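Here is how the chains run, residue by residue.
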Amino acid sequence: MKKNIKNLLARLSIHKPKAHDFEKVSETLEKYHVNLSSRSLKKLWGYLTGKEKPSQETLDRIALFAGFQKWEDLQTTLHGDSDGQINYE
């Protein structure tokens, strides 16, 4: 799985990704039971490349996907002294 995803991300970074590129990534992820729409992937790509500022709702969805209740909890765990236990409080 890692190899497939790395190859797809490498292709996206070489050229400006088009809609069908995100669809291919979405289809590949589906094979591994990860359901992310091509639209969500496009938004995430925009955020990662600094071209788009996501809404709080989008950030909270990303945090949920990573196993956190909200974006602030994820940020606290990544950049603070928290160990992720905040999720279970």
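Shown above is the structure to which this text applies.
Figured I'd write up the structure that's included with this text. (Residues numbered from 1 in each chain as written. Predicted model: local features only at pLDDT ≥ 70, side-chain atom pairs only at ≥ 80, totals over all residues. Heavy atoms only, no water.)

## Here's the deal with the overall build of the protein
Stated formally: The secondary structure listing takes helices from DSSP runs of H or I that are at least 4 residues long and strands from runs of E that are at least 2 residues long, numbered from the N terminus. Accessibility here uses a 1.4 Å probe with only protein chains present; expressed as a share of the type maximum, an area under 20% marks a residue as buried, one over 50% as exposed, and anything in between as partly exposed. Whether two residues are in contact is decided by their heavy atoms: any pair within 4.5 Å suffices.
Secondary structure assignment for the protein yields 5 helices and 0 strands. Mapped in sequence order, the helices and strands of the protein form the string α-α-α-α-α. Burial status across the protein gives 26% buried among its 89 residues. Across the protein, the fraction of contacts at a sequence separation of at least 24, relative to all contacts at a separation of at least 6, is 19%.

## A short note on the environment of Trp 45
Considering the arrangement of structural elements, one finds Trp 45 in helix H3 (residues 38-48). The spatial distance from the C-alpha of Trp 45 to the C-alpha of Pro 17 is 9.1 Å, given a sequence separation of 28 residues.

## Overview of the pattern of salt bridges
The line we're drawing: Whenever a carboxyl oxygen of Asp or Glu lies within 4 Å of a side-chain nitrogen of Lys or Arg, that contact is scored as a salt bridge.
Applying the stated criterion across every chain, the model contains 1 salt bridge. The residue Glu 57 makes a salt bridge to Arg 61 at a minimum N-O spacing of 2.6 Å. On the criterion of helical spacing, the pair formed by Glu 57 and Arg 61 is a turn pair, its members being 4 residues apart in helix H4 (residues 56-65). On the basis of relative accessibility, which here comes to 49%, the residue Glu 57 falls in the partly exposed class.

## Focus on H4
Residues separated by three or four positions in an α-helix point in the same direction, a consequence of the helix having 3.6 residues per turn. How we decide: Here the arc refers to the set of directions running from the helix axis out to each C-beta atom.
Those residues of H4 that fall on the buried side of the exposure criterion are Thr 58, Leu 59 and Ala 63. Taken around the axis of H4, the buried residues stretch over an arc of 140°, which confines them to a single face. Those residues of H4 that are exposed and aimed more than 90 degrees away from the buried face are Arg 61, Leu 64 and Phe 65. Lining the buried residues of H4 we find H3 and helix H5 (71-79). Where H4 terminates, the next one or two residues include Gly 67, which has phi positive at roughly 100°.

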